Amino acid sequence: MSEANEKNKLTASMNEEIAEQDEKKEFVPENPDELYGKLIKLVRENMTENDVSLVEKAYFIAKKAHEGQFRFSGEPYIIHPVSVAIILYNLGMDGESMAAALLHDVVEDTDMTKENIQEEFGEDVANLVEGVTKLGKVPIFTKEEQQAENVRKMLMAMSQDIRVIIIKLADRIHNMRTLSFMRPDKRREKAQETLEIYAPIAHRLGIRGVKEELEDLAISYLDPVAYKEIRDRLEQQQSKRKEYLDSIQKKISERIKLVVPNASISGRIKSVHGIYRKMYMQGKSFDEIYDIYAVRIIVDDVIDCYNCLGIIHDMFKSIPGRFKDYISTPKANMYQSLHTTVIGDEGIPFEVQIRTWEMHRTAEYGVAAHWKYKLGMSGRQKFEEKFSWIRQLLESQNVSENPQDIVNTIKTDLVQEEVFVFTPKGTVINLPAGATVVDFAYAIHSAVGNRMVGAKVDGRIVPIDYVVKTGEIVEIITSSQQNKGPSRDWLKFVKTSGARNKIRSWFKKERREENILEGKMEVEREFKRNFIRLNDQQFDKFILEVAQRQRFNSADDFFAAIGYGGVSLNKMMPHIKDEYVKEFKQPEPVEEDVIKITKPSQKKRTKSQDGVVIEGIDNCLIKLSKCCSPVPGDKIIGFITRGHGVSIHKRDCTNVPKVIELADEPDRWIPAGWDESVKEDFTATVSIACLDRVGLMADVSKMIADMRVMIYGINTKSKKDGRASLELTIGVNGIEHLNSVMAKLRKINGVLDVERSNS
């Protein structure tokens, strides 16, 4: 039996068991006094007396405040803040940061207040604690919006003191290390949030160690089978890898030290998540990943970096297109290094990274490495300029009323590979991979983007949606007309949220009347489609209430935001419909799932060719509705159509009123059920969320074929984040058969979720 087929036998619950067992094997309960002893010893040996005093005082206050509280692991709660403080010490943070870490949960979980902390430790520590304190629930509709609002608050705190996010990242690391003690659904939720929000922020701040640990911990819960496979593969090759790297290091050292005597040469291995991304999201095999092995050369001066590069290219054959100079063009997170991939005598490719000691500190610790030197730099402004992206990110969100945009920004702008593009004057502009000339124009200035009519790349005219590449020189052609503005079509292909929000901002300011009209028309269309009937006075009052709940000052502002794309009306409609029912319908209380329907006195039972039994109608055409595709086992109801017989819907179909008596024409809804002897096949559609990997469709098809299930339709779509979605229309004989098929599909390697589609 093949390895792939063996993996297909693992269920979702087995996946969770693997992650939980691995985590609990490594987990050793800490003794609070011993852990604090380790912390205070480090602080006394390497930090100032003031730092020692702050940490000691914070520990004893936190210990008393958390007395009697325990974590899910059963440990005393004080273990958590002490562990976070140790992580911060290892990152080189100051005493105030460590004191804030020790106190970061006391405001939320105990009787202590910010004022108490300020009185004992000063304003800086109090502000850090307030910034890091877990964010409370906010009164908004969806979980996604709540997450977006939490991220917005976190970034606002970062813009005031960058130490806030470093403490928050250390807090998340320790929580992820002990995640196995939470419920399975909470584990996946926290792991997904870590991968999508916290790891990209750590990457953007340049803290490599934190980023890689967060990614590895997250993927061990999200895809434990793949994580274990990669980890086992690395462990199997450990001795062979060490021997290979040692031989390469020796060869390089013998040559390098003749020219650069003080060079430090070491080997490294790519992180599990780094390998995972390339194997399961780019469809590469383990042997096709060139930078699993790497040699790092650290020297004193920049000139020595380029001297070493020449020696490496003289010793080994370089792979074309695999050289990157991040010294002359640093990454946005301050990372600097030379990267080149070469092939050794054994035919095995490996990467060589060359940097100075200062570059190495920045590569490992990012902003944390710079914090201790902040006051010694040529002014506060130079340090703060490195993190202007935080303020720019926040400012770009101010033009959009959709809070989800800020989460999308972190998922895209902060995590993508970068390209480096030049202006005609030689200025380097950093953009995420896939960015277009329009993104480039808006990265220069809003006015340049708004007046853009075309672009030249390396002297050639290119299309407006041209995707830029590293090293290209881009010239933006602008119009002299003052009323020139962007096109709405640009929103379909721009990559960066900054460009998208600036385009929306222009339409918001310059086309307000047009936006209001378009927005109002869209609201009226959606109301009509959702059977919301209001007279003019009711409509105005109801819309104003909806607008105010969405933080708009007037109905026109709400319409305008819909018109230029600042908010999504589709996402709000379920909540709007619920509010409409509460305010204008106010039904008599009925028991859940109990439907009051007036039945005809004559009760005839008729069976259709689709196995449906209805009451009160004979010799009538009966058809299964395509909007919800009911199958035997579903609760169903019939709707008498005009001229087309009776349409059968699932009882929870979006087109079926929750309370029949409140429907516009309640008499047209009639009881229906399934005949017990029905044997026909019915079509049902299932949606599969999965990782985009080679062979996935073949595995799905084989699984379906093995169950002798007919496939009537397939629709696939790849996404930019390495995932894909599949829609299968299949033949089943009932809800139990459908559930069995879905359960089998969930076992396939790379499948993240399977659910029944109502569309």
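About the criteria used
- Residues numbered from 1 in each chain as written.
- Predicted model: local features only at pLDDT ≥ 70, side-chain atom pairs only at ≥ 80, totals over all residues.
- Heavy atoms only, no water.
- Core = buried A, V, L, I, M, F, W, Y, C linked by side-chain atoms within 4.5 Å.
- Buried < 20%, exposed > 50% of the residue type's maximum accessible area, 1.4 Å probe, protein only.
- Contact = heavy atoms within 4.5 Å.
- Pairing = 2+ DSSP bridges.
- Helix = DSSP H or I, 4+ residues; strand = E, 2+ residues; numbered from the N terminus.
- Axes fitted to C-alpha atoms, helices over the stretch in contact; angles between N-to-C directions.
- Phe/Tyr/Trp six-rings, centres within 6.5 Å; stacked < 30°, edge-to-face > 60°.
- Lys NZ or Arg CZ within 6 Å of the ring centre and 35° of its normal.
- Salt bridge = Lys/Arg side-chain N within 4 Å of Asp/Glu carboxyl O.
- Polar contact = N/O pair within 3.5 Å; in protein donor to acceptor, adjacent residues only side chain to side chain.
- pLDDT = per-residue confidence, 0-100.

This paragraph deals with the nonpolar core. Soluble globular proteins tend to bury their nonpolar side chains together. Counting 99 residues, the largest nonpolar core has Leu39, Ile252, Ile297 and Phe350 as its most contacted members. Setting aside anything within four residues of it in sequence, one finds Ile252 in contact with Ile265, Val295, Ile297, Ile312, Met315, Phe316 and Phe350. Among the nonpolar cores identified, the runner-up in size contains 47 residues, and Val421, Val462, Trp490 and Leu569 belong to it.

Picture the strands of a sheet paired through backbone hydrogen bonds; they go either parallel or antiparallel. What the three strands build is an open sheet, ordered β9-β8-β10; its pairing is antiparallel. At either margin of the open sheet sits one strand with a lone partner, and together these are β9 (460–462) and β10 (474–478). Put simply, the sheet's adjacent strands are angled 35° from each other on average, direction ignored. In terms of strand pairing, strand β8 (residues 452–457) meets β9 through three bridges, oriented antiparallel. By the bridge assignment for β9, Ala455 is matched with Val462.

Here the focus is the packing of aromatic side chains. Going through the model one piece at a time under the given rule, you end up with 11 aromatic pairs. When the ring of Tyr59 is compared with that of Phe60, the centres are 5.2 Å apart and the planes differ by 70°; the resulting orientation is edge-to-face. On the numbers, 6.3 Å between centres and 40° between planes, the contact of Phe558 with Phe559 is tilted. Under the relative-accessibility criterion, Phe558 is labelled buried at 1%. According to the relative accessible area criterion, Phe559 is buried, its value standing at 5%. Here a set of aromatic residues connected by ring pairs shows up, and it is made of Phe527, Phe539, Phe542 and Tyr580. Above the plane of the ring of Phe121 lies Lys57, whose end atom (NZ or CZ) is 5.3 Å from the centre.

Quick look at the pattern of salt bridges now. Overall, the coordinates contain 16 salt bridges when judged by the stated rule. Where Lys228 meets Asp232, a salt bridge forms, and the shortest distance between an N and an O atom there is 3.1 Å. With Lys228 and Asp232 both in helix α14 (residues 224–236) and four residues apart, the pair spans about one turn of that helix. What makes Lys228 partly exposed here is its relative accessible area of 32%. Taking the relative accessible area as the measure of exposure, Asp232 reaches 23% and is therefore partly exposed. The salt bridge partner of Asp314 is Arg255, with a shortest N-O separation of 2.9 Å. With Asp314 in helix α17 (residues 302–315) and Arg255 in helix α15 (residues 238–259), the pair connects residues that are 59 residues apart, well separated along the chain. The network of salt bridges with common partners includes Arg208, Glu212, Arg296 and Glu364.

This brings us to the environment of Arg651. Here Arg651 shows up in the loop between β15 (646–650) and β16 (669–674). A sequence separation of 15 residues divides Arg651 from Ile636, and the C-alpha atoms of the two residues are 4.8 Å apart. At 3.2 Å, the side chain of Arg651 forms a polar contact with the backbone oxygen of Pro657.

This part covers the confidence of the model for the protein chain. When pLDDT is averaged along the protein chain, the result is 76, and 77% of the positions lie at 70 or above. When the elements of the protein chain are averaged for pLDDT, helix α1 (residues 3–8) gives the smallest value, 38, and α17 the largest, 91. Contacts of residues 1–25 to residues separated by more than four positions or lying in other chains number 41 contacts, the stretch itself having pLDDT below 50. For residues 372–383, every residue scores under 50 in pLDDT, and the model assigns this stretch 12 contacts once sequence neighbours within four places are set aside.

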